[in-house]
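The chain contents come next:
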Amino acid sequence: MDIVFSETNQTGIVKLNRPKALNALNLEMAKKFHDKLLEWEEKDNILRVLLVGEGKHFCAGGDVKSLVLAGKENSLKHDFFRIEYKLNYLISQFSKEFLSIWNGLVMGGGVGLSIYGDHRLATDNSKFAMPESAIGFFPDVGGSYFLSNLPGNIGKYIGLTGEVLGLNELIFFGLSTHYFKSNKIEDVKEKFISRGEISHDNFEVKNDTYLIKNMNLINELFNGNIQTIISNLKSHNSEFSKKILDILLVKCPMSLAISTKLIDDAKGKSLKECLETEFQLSQKIVYRSDFDNGVNSVLISKDHNPIWEPSTINEINIEDLDFYFETHTENLYL
Ligand code: QUE
């Protein structure tokens, strides 16, 4: 079973159970999770929900590998995102306490399963990222919502670079709500299950780590559309800007252009609006060759040398991006 549900002491427990695939979320898991939450919402003897990943990691994202391997004559690229985003929204509306344990990898689809819940407990080994620009996709699962709500242009930076955030950044930005030492994981779970207690350790946030120190610079450099960002980075001539430029220049150019616009346009929008926009966008982006080539290059053949089309950001006309944001298929009815 890829996802396992149990009920103990008025706690509904969800375990993502594909440890060999880093608990990547597939269609069946999303469907079952969605139906179980509807059931628990109505069930009086369930007071809270605990979400955990089997093994070393919480969740590496959506199972994008299966979407590409399924081939063309298949509705998986439509059905998966539809149910995944519906599940994200359902979690945001769930009336009971919802706690996730962010051990190990917490990426993309895994973020969407947890960030709209009440509590996200990070540990000393948490690794959080929205890395979709590496596979020809964009930061979805409400990424446009929570990234656009981070201060300044930090959300754009996180969504474009796919940078891995650790404990200090997670607490600093409020992405995680608590910290506990990773060797206490069984004890933390047990206390929440038995009496709804959130057991955590104290954590003193450091303001001098790499990302936080460079926040003002990031706000300056990541202002505007993708071409402005690239030209800002080129003309800045610092170690930091060179490093970030090198990172961006291997990502999918169309992903970068679209993600920039998506996050900019999301400011002030509700999660519901953001998910609807992302669904429309997903149903254009996943049928582009960049998505198949990106997923193949990173997760299937693993040659890590994807061919992007267009291959440079300069070839993208910013006005042409509007096409990808048009409503063109049935909405999610959230
Ligand atoms: C960017 C991504 C993903 C990624 C790697 C990236 C992603 C994702 C996975 C993943 C990892 C392990 C699996 C799996 C998928 O990796 O979204 O099926 O077994 O799901 O660089 O966006």
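Asker: Give a description of the overall build of the chain that names residues and reports values.
Answerer: Regarding its fold elements, the chain presents 15 helices and eight strands. What you see for the chain is a C-alpha radius of gyration of 19 Å, in line with the 20 Å of a compact globule of 334 residues. Structurally, the chain occupies a C-alpha span of about 60 × 50 × 40 Å along its principal axes. Summarising the internal contacts of the chain: among those between residues at least 6 apart in sequence, 74% fall at separations of at least 24. Here the chain carries 36 positive and 45 negative side-chain charges, and the mean point of each set is 4 Å from the other.

Asker: Give a description of the sheet that holds strand E4 (residues 97-102) that names residues and reports values.
Answerer: The sheet built from six strands is open, its strands ordered E1-E2-E3-E4-E6-E8 with mixed pairing. The open sheet has two edge strands with one neighbour each: strand E1 (3-8) and strand E8 (178-179). Relative to strand E6 (residues 119-122), E4 runs parallel, the two sharing four bridges. Paired with leucine 99 across the bridge in E6 is histidine 119. Along the sheet, helix H1 (residues 27-42) contacts E1, strand E2 (11-16), strand E3 (48-53) and E4; its crossing angle with E1, the most-contacted strand, is approximately 20°.

Asker: Outline the site of the ligand, listing residues and values.
Answerer: Lining the immediate environment of the ligand, one finds 16 residues, of which Ala21, Gly62, Asp63, Pro131 and Ile135 sit closest. At 3.1 Å from an oxygen atom of the ligand is found a main-chain nitrogen or oxygen belonging to alanine 21. In the model, an oxygen atom of the ligand is placed 3.0 Å from a nitrogen or oxygen of the aspartate 63 side chain. Its free accessible area being 460 Å², the ligand has 89% of it covered by the protein chains. Of all the secondary-structure elements, those providing two or more residues to the shell around the ligand are helix H2 (64-69) and helix H15 (289-300). Here the shell around the ligand is built from residues that sort into eleven nonpolar, two polar and three charged.

Asker: Please set out helix H8 (residues 185-195) residue by residue, giving values where relevant.
Answerer: In an α-helix there are 3.6 residues to a turn, and that puts residues three or four apart on one side. Listed in full, the buried residues belonging to H8 are Ile185, Val188, Lys189, Lys191, Phe192 and Ile193. Buried residues in H8 make contact with E1, E2, E3, E4 and E6. Taken from the residues just after H8, glycine 196 is the one with a positive phi, measuring 70°.

Asker: With reference to specific residues and values, describe the side chain of lysine 96.
Answerer: Within the secondary structure, lysine 96 sits in the loop between helix H3 (76-93) and E4. Despite its burial, lysine 96 remains without a salt bridge, the nearest opposite charge being carried by glutamate 41 at 5.3 Å. In this structure the side chain of lysine 96 is engaged in a polar contact, spanning 2.8 Å, whose partner is the backbone oxygen of lysine 43.

Asker: Explain the side chain of glutamate 276 residue by residue, including any values.
Answerer: Residue position: glutamate 276 is located in helix H14 (residues 271-285). No salt bridge forms around the buried glutamate 276; measuring N to O, its nearest opposite-charge neighbour arginine 82 is 6.8 Å away. Sequence-distant contacts of glutamate 276, defined by excluding residues within four places in its chain, comprise Asn331, Leu332, Tyr333 and Leu334.

Asker: Run through the pattern of salt bridges, naming residues and quoting values.
Answerer: Under the definition given, this model contains 15 salt bridges. The partner of aspartate 187 in a salt bridge is lysine 191, with the nearest N and O atoms 3.1 Å apart. Taken together, the residues span about one helical turn, with aspartate 187 and lysine 191 both in helix H8 at a distance of four residues. A residue is classified by how much of its surface remains accessible, and aspartate 187, at 33% relative accessible area, is partly exposed.

Asker: Which residues make up the packing of helix H13 (residues 253-266) against H14, and what values do they have?
Answerer: Put simply, H13 and H14 touch, their axes get as near as 11 Å, and they point 165° apart. In this view, H13 runs roughly antiparallel relative to H14, as classed from their interaxial angle. Two packed elements cross with a definite hand, and for H13 against H14 that hand is right-handed. Residues Ile258, Leu262 and Ala266 of H13 touch H14, and the partners they reach there are Cys274, Thr277, Glu278, Leu281 and Ile285.

Asker: Give a description of the pairing of E3 that names residues and reports values.
Answerer: Taken across its six residues, E3 has six buried, putting it largely inside the fold. With six bridges connecting them, E2 and E3 associate as parallel partners. Each bridged residue has a counterpart across the sheet, and for isoleucine 13 the counterpart in E3 is leucine 50. Each parallel crossover has a hand, and for E2 linked through H1 to E3 it is right-handed. In this structure, E3 lies alongside E4, joined through four bridges in parallel fashion. Within E4, the position partnered with valine 49 by the bridge is phenylalanine 98.

Asker: I'd like a rundown of the packing of aromatic side chains, residues and numbers included.
Answerer: Here the structure, examined in full by the defined rule, presents 16 aromatic pairs. Ring centres of phenylalanine 137 and phenylalanine 138 lie 4.5 Å apart, and the angle between their planes is 35°; on these two criteria the pair is classed as tilted. Residue class for phenylalanine 137 comes out buried when judged on its relative accessible area of 3%. Three or more aromatic residues joined by ring pairs form one cluster here, namely Phe80, Phe81, Tyr85, Phe137, Phe138, Phe279 and Phe291. Of note, arginine 48 hangs over the ring of phenylalanine 192, and the distance from its end group to the ring centre comes to 6.0 Å. Over the aromatic face of phenylalanine 323 sits the side chain of lysine 284, whose NZ or CZ is 3.7 Å from the ring centroid.

Procedures and definitions
Residues numbered from 1 in each chain as written. Predicted model: local features only at pLDDT ≥ 70, side-chain atom pairs only at ≥ 80, totals over all residues. Heavy atoms only, no water. Helix = DSSP H or I, 4+ residues; strand = E, 2+ residues; numbered from the N terminus. Rg over C-alpha atoms; globule rule 2.2 N^0.38 Å. Contact = heavy atoms within 4.5 Å. Lys, Arg positive; Asp, Glu negative; His and termini not counted. Charge placed at Lys NZ, Arg CZ, Asp CG, Glu CD. Pairing = 2+ DSSP bridges. Axes fitted to C-alpha atoms, helices over the stretch in contact; angles between N-to-C directions. Near = heavy atom within 4 Å. Polar contact = N/O pair within 3.5 Å; in protein donor to acceptor, adjacent residues only side chain to side chain. Areas by Shrake-Rupley, 256 points an atom, 1.4 Å probe, with all protein chains shown as cover. Nonpolar A, V, L, I, M, F, W, Y, C, P; charged D, E, K, R; others polar. Buried < 20%, exposed > 50% of the residue type's maximum accessible area, 1.4 Å probe, protein only. Salt bridge = Lys/Arg side-chain N within 4 Å of Asp/Glu carboxyl O. Parallel < 35°, antiparallel > 145°, perpendicular 65-115°, else oblique. Left-handed = near helix turned anticlockwise from the far one by under 90°. Right-handed = clockwise from strand over helix to strand, strands pointing away. Phe/Tyr/Trp six-rings, centres within 6.5 Å; stacked < 30°, edge-to-face > 60°. Lys NZ or Arg CZ within 6 Å of the ring centre and 35° of its normal.

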